[in-house]
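# Structural overview for review
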Amino acid sequence: MIEINKLKSFEEDKRNIFQTFLESENDTNLLFTTAKKFLEKSQPEPTLTIKICEKIHKIYEQKEIQNKKIKSIIQEEDSWKLSISKELENKHHDYKEELDKIQKNKEFYEFLPASIKSNVLEHQRKMVDVSMLMVKSAYHIYNDSMIRLKTPKQQQQDKMEIDSNEQEEAIDSKQLENDYLNSFNKVLNHAIKDIIPSFAIDIAKFLKEMNLPMVCARVCKELAIKISNERKLERETFKKSDSGDLDQVMYQVIEICINSIFDTISKLDQKVKLSPHLISDRELSDLTILKNGELLKEFIEFILPDYLQSPEGIIKIGQYLLSINQYNHVVLVAERGRIRLEKLKREQVEKEQLEQKLQSLTKEIESIERVSGSTEEKSVELVKLEKELAVYKMYPSYYSINKRVFSKHNLDIATLRIKSILEMKDASKGVLNIQSHLDDTLKTLLDPNHIYQLAVLLQKTEIDTALVYGERCQRFITDLEILREVRLPLTLRIKELENEESTLRLDGRTISDEKKAELDQLNEKTSSLPEFPFFSELTNRNEYDRLNLQVAQMMITCVFEKKSKLSTSKDQTQKDRLNQQVSALIMMCLEKFKDPKYLLELEKHLKPSREDKVVIQIANQIFNRCDEIEKQRIERVSLEKREKEATDDNEKSKINEQIKQLPIFPYYASLTIENQYDDTVYEAAEQLMTFLLDNIAFIEEKLRKAKLFNIKNIEDEQLNKDREEIEKLVVESLSNCLKFVRSPMLVCKFANVLGEKRESLYLDISKHIHPILNEKHKQSIEIKRHQFLIETLNLELSDLSKMKKEMPEADIELLQSTTDRMKTIQFPYLEQWVRSSHYNSQLVSNGVKLLLKNKQEYKSPKTSISKTELATLIKSNQENFIEQFKLLSDYLEDPKTFTEILTQLRLGGDDFENVTEVGKLAFTKLKQFRDHQNKIKDLNEKKKVLVEERDQLNKQRRRLSTEKHVALREITITEQLNTLLEPYYTSNLDSLALTIGGVLIEANTCERSEFETKASSKAFENQFKYISDQRKRINDTISQTIKLVVENIESIQDLLKFTNDLFVKKEYLLVLQVGKIIEAALETKKNTIEHKENLLKEIKELQGKYLHSQSPKDREKIQTFIDQNQQEYDSINLLDHTYEVNKELTIQITKLMIESASIEDQGDILRDQLILSFKNTTSPLDWDRIRNISNEEEWAETKKELVIYIMKREENINSKIELLLKDLLFEEAIQIFPHPSSDNDEELDIQLNLLVSLYDAVDQHAFHLINGVIPIIQRYAKRCYIEWKYEKLDIVYDSLQKRFPKEIISTFTVAIDMMLVNILQSQYPLFLNMMKAMKNRLVATLGLNNLWEDFLAGFRKNYKSKKRLIQMISLIGDSVWQINVNPNSITGKQIAKRALPQSSQSSNKKIKVFAPTPNATTKLSANKSTDQDEEFVEDDIEDDENKEQDEELSATDEE
């Protein structure tokens, strides 16, 4: 007992402490923070939180009362100030003292702190935070109690404040749940009591999240009532509510309630499935009510339309419910929305009546005041009306919506209603009768556009009703058009008179009495007519054309839908009735719609219908209508043009009368655009033919499936009859389409589209258009000729006018007659007909592509076509190929198209015969183009002559003769006509021939390789004759192709490209064949060049003789020869083909032929080509190859022939000598050996090396020619000594001293004689070094002391005057002899420069000369022999290098 008493004491202490805290004066922020902590602690105290929140509410209420008192004082003073200002206006009294007091009070109020000033939004924000905390605490208690209720042990421990009497009673669980909920509702009511709706929405959202839809719905209703009260308060106080846009707040409230209901349903369903034992009885009851829709229905009936008054909001609610499939409720919302619209309409009428009363009363008061009557009673009534009207200013914007917006809302509501009832009928599987709803909805609509939109919704399910809607729509449109035709002229005339009246009023005048009477009469007539609907525009005569078409399309679709449903029915009467209905609709469309574009849309709309005759009827109407419009346009334009050009007034008036009698030109067409409906006609034709072909494909598919699946209910006979009938329609329709599709560009497009579906149609169109293209091309060129003639004559007339001369009468008559004739010509598509060859090429090319594509598809193993049908298709394809090739041969000109076709045929398979034939035809066309280009050249030359003559005559102010002038004019016109031709007429024909030839050769070689592959198979065993014949045929074909290519290529460069292509393709024998032709052409060119050069020489010689001749007869004869040669010289036109170009081309072709001959092992050709190559290049490599593949006799003859070319070479002479030495041609080498170089030491070293090689070779192989070499050595020795380069002679002297040592000293003596003529004393040391070197060679090396002594004796004798030099020479033999040279002097530098004798010689190798002995019986291949020669030379060079290194080492030791 002690413990229990202690516990009770503790609870009392806790209550006392909390009560003390609650009663103390604490800040609201502190109280709010404490309340949150009580709720957020680990063991929450929600009851304490609620009590603190109630305390905060009381504090806020007291503050709000104080704020309202202050606010009322301020408002009262403001009203006093306003009344005082009015009194001041009347100037009855001066209220200065009162105004000063009011101002002081205002300043005092501004001085007060902001906390005691009224701030509604801040106050509401704080209140809603406290209220939300209260609601959360109450929900915590409620939720905890519900959890405890599920546990029997804890049923007695709940924290709800229930009276002790109720606790003692036995309460069942349902009663407890209700009690808990009531307690929660009490707290909730207290929480939202003083909160404005815009802030109370947060509490509603919390209830939605906590799955309390019943409570949330109740709160939303209370908020709706609050919003309604706020709206009333706005109208009473003329002040906007603090909640903002009340309609938007109302919509949010409704949306939260609806979301709460359906979110709770979803969550409770999930809870029932997963944890049924945890769900309470209240939740089960709520789920039942929510699923029945009773709560939502009750809420909608309560809230609409009294609380949610915005039509947009109501429609949005309906659309939202429709999106979540609540169709019953959508119907209810739609009905409530319609009621709201009717009420809104009445309110608008009341407002308009009030405004009219106000206007009439104002006018009445003004009239009374004019007569100084009493207006007191009327003024009181006026003030009352103004107050009533002022209330409307506080109404939302939707109270002033116009009729169009009102009609739009009406449509939206009707759409919601129809969509819902359609879904409801679908859910009931067609049992639900909705016709009454549909009829009621139709009665509410007046705008034809709206009726059509609803009819579109109905056309899939309610076909009969959709037709009724369509008929109503058309009837309304007809009535509107009738009313428009009556009212529009009256309205236009009224506006005309009113504008005239207003214009005259500005000038102080008035209209005449007759016009006044007319205006009054027109206004009376207009007022007696029905008012024109707001949804239509009076002046737009064609406003409903598009809608009429759409309605007709919809109705036709509905009828066809009904017809398709009766396809299996045996009720023929109903079928006939539907057919009549279709015919009536089509006839109505054809009569009503004159715009071809609308008719085209109708045709496209009928595409899925399978009604071929109907589609043909519409297409024909389009064709005829477009043709009719174009004829009307041409007639009207021509008359208007004549009217402008006419100068006589009577004639103008007659033409004007003719124009007025013409039919009215359609508003949708243009007078300035020619053939404006070509695209429309084309689309109609394409749609028609595609429609018919698709129908045939549909029938064939049905027949195929019937055979495949053995379907018995398909009537094959009827389907075959239908197919035959449609085939006839295809032929007739195609013929009719081609009559109206006249543009060649569109015809080609038409052929491509139909060809994809059926290749025979492509061929039919091609046969039709090709002759027309050619004929029209001729006519178009003739018209262009006339146009160019007019331009040329006008230009001539202009030039003559500038020169102040008259044009000949014949030319003037020609200009006038041609101009008059051109005015009468109507030739559409002129520019397209001029390009007829382009369209011919396009048609042929696309036709071949189409046939090849189909051929490949037929041969494909993946095809699903039956064998019987496939055989028929293949046979048809072959026949079409034959027809297409006929068209190709007759009409194709473009070489590029030929190339494309050849490529396609080659890639298409084994049709090599056609490839060859097409290639031959292409080359035939190229010849025609070349003839055309030659004609152009001739014309240009004639024009050049005539222009030069004309210019010369113009300088003399004279004219060309009439014949020449006409000829020049014709040439000019022909040139202009030539510019209209396709580019390939003037393109590079050689390049085109090269391309075509490449494709042909590739096809021929491909055929050959395929045949060789087949010939090696077992299938062709023992068929030797057949194989031989075929090989001969293929080779003949290739030869003919080569001949054709070569004949059609004039440029040798292009022939060379052709040869390169053959080489790349590894056709080496063909390379040799073409190469011979090219070489022959090059030889001819070379001879021509030489002949031209000879002619030039002869001309110059003759000119010299002419100048030196004194006899007139001789001069005359010489001049004759000069003129003949000059004429022949000028006639030779080589363009840029010079000797160098000829040589370069020869080198290129010989290179290709050498390689080809090597690969094909053609020895004779290889040798001939090597010789020809050497004649142009004189390459040592070619020389060696010729020598290696020739026997001794051949080489002996060939060598003599080739030496001439070596001697003529203008390249480096050193390489010539090297080449001559290799084959023991010493005489020629001695003959061309160069003079020593004086500029380049390196070049001099090379020459000395060659000289040593020449000497050694002559010494070894032709000693009898040695006397020819020694003078050369002497020449080089003199040059070296004079330039003080004596050390370079060592290698020469090394060879010379073996046989002719005396020649060394004699050469030295001669050189000294030359040097001592101009020697300086500073050069003595150099001279003495040179003497010493010579002494060493003669004495030390050769041991010729006597020879040296004789030389010295002679030297002293001949140069006695050079005492100093002789004295120095005497000391040469002294062992202590030394020559001091200043290293900085010029002489010292020269000595230092020559201190390294091996610097130049080490870089030059001595040429190894040998005499090759080729095998006379066996010719080696060029590549092999060349490799052996290179190895042999490299070995010899290595031996020479070793030998030279040894000699250099020994020379160094001696020094």
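Parameters and conventions
Residues numbered from 1 in each chain as written. Predicted model: local features only at pLDDT ≥ 70, side-chain atom pairs only at ≥ 80, totals over all residues. Heavy atoms only, no water. pLDDT = per-residue confidence, 0-100. Helix = DSSP H or I, 4+ residues; strand = E, 2+ residues; numbered from the N terminus. 1 Å grid on protein atoms, 1.4 Å probe; cavity = no way out; pocket = protein on both sides within 12 Å on 5 of 7 lines; lining within 4 Å. Points joined across faces, edges and corners; volume = space filled by probe spheres on them. Nonpolar A, V, L, I, M, F, W, Y, C, P; charged D, E, K, R; others polar. Buried < 20%, exposed > 50% of the residue type's maximum accessible area, 1.4 Å probe, protein only. Lys, Arg positive; Asp, Glu negative; His and termini not counted. Salt bridge = Lys/Arg side-chain N within 4 Å of Asp/Glu carboxyl O. Contact = heavy atoms within 4.5 Å. Phe/Tyr/Trp six-rings, centres within 6.5 Å; stacked < 30°, edge-to-face > 60°. Lys NZ or Arg CZ within 6 Å of the ring centre and 35° of its normal.

What follows deals with the confidence of the model for the protein chain. The share of residues in the protein chain with pLDDT of 70 or more is 83%, and the mean pLDDT across the chain is 80. Averaged pLDDT values over the elements of the protein chain bottom out at 36 in helix H56 (residues 1398-1401) and peak at 93 in helix H28 (residues 744-757).

What follows concerns empty space enclosed by the protein. Scanning the model with the defined rule gives two cavities of 30 Å³ or more in all. By volume, the largest cavity is sized at about 70 Å³. Contributing to the lining of the largest cavity are Ala 334, Glu 335, Arg 338, Asn 410, Ile 413, Ala 414, Arg 417, Thr 441 and Thr 444. Looking at the lining of the largest cavity, the elements with two or more residues in it are helix H14 (327-370) and helix H16 (403-427). Considering each element in turn, the lining of the largest cavity owes the most residues, four residues, to H16. The residue makeup of the lining of the largest cavity, split by class, is three nonpolar, three polar and three charged. Empty space within the second largest cavity amounts to approximately 30 Å³.

With respect to the helices and strands, Arg 487 occurs in helix H19 (residues 463-506). The charged side chain of Arg 487 is buried without a salt bridge, its nearest counter-charge being Glu 531 at 6.9 Å. Setting aside residues no more than four positions away along its own chain, Arg 487 makes contact with Thr 526, Leu 529, Pro 530, Glu 531, Phe 532 and Leu 538.

Glancing now at the packing of aromatic side chains. As enumerated under the stated definition, the model contains 19 aromatic pairs in all. With centroids separated by 4.7 Å and ring planes inclined at 25 degrees, the aromatic side chains of Phe 302 and Tyr 307 adopt a geometry described as stacked. Since its relative accessible area comes to 24%, Phe 302 is described here as partly exposed. Residue classification places Tyr 307 among the buried residues on the basis of a relative accessible area of 16%. Ring plane angle 25 degrees and centroid distance 5.7 Å describe the contact between Phe 881 and Phe 885, whose orientation is recorded as stacked. Here Phe 885 and Phe 881 lie together in helix H33 (residues 867-891), a separation of four residues that amounts to about one turn. An aromatic cluster is built from Tyr 139, Tyr 142, Phe 184 and Phe 206, whose rings are joined through pairwise contacts. Here the basic side chain of Arg 235 rests over the ring of Tyr 395, its NZ or CZ set 3.9 Å away from the ring centre. For Arg 1115, the ring lying beneath its charged end belongs to Tyr 1106, and the centroid distance is 4.7 Å.

What follows concerns the pattern of salt bridges. Counted by the stated rule, this structure contains 50 salt bridges. In this structure, Asp 811 engages Arg 969 in a salt bridge whose closest nitrogen and oxygen atoms are separated by 3.1 Å. Highlighted residues: Asp 811 in helix H30 (residues 809-823) and Arg 969 in helix H36 (residues 962-978), separated in sequence by 158 residues. In this structure, Asp 811 and Arg 969 share a single accessibility class: buried. Between Arg 1031 and Glu 1012 there is a salt bridge; the shortest N-O distance is 3.0 Å. One end of the pair, Arg 1031, is in helix H38 (residues 1024-1048); the other, Glu 1012, is in helix H37 (residues 989-1015), with 19 residues separating them in the sequence. Here Arg 1031 falls in the partly exposed class, since its relative accessible area comes to 38%. Looking at Glu 1012, the relative accessible area reads 31%, which means it is partly exposed. Through salt bridges that share partners, Glu 335, Arg 338 and Glu 342 make up one connected network.

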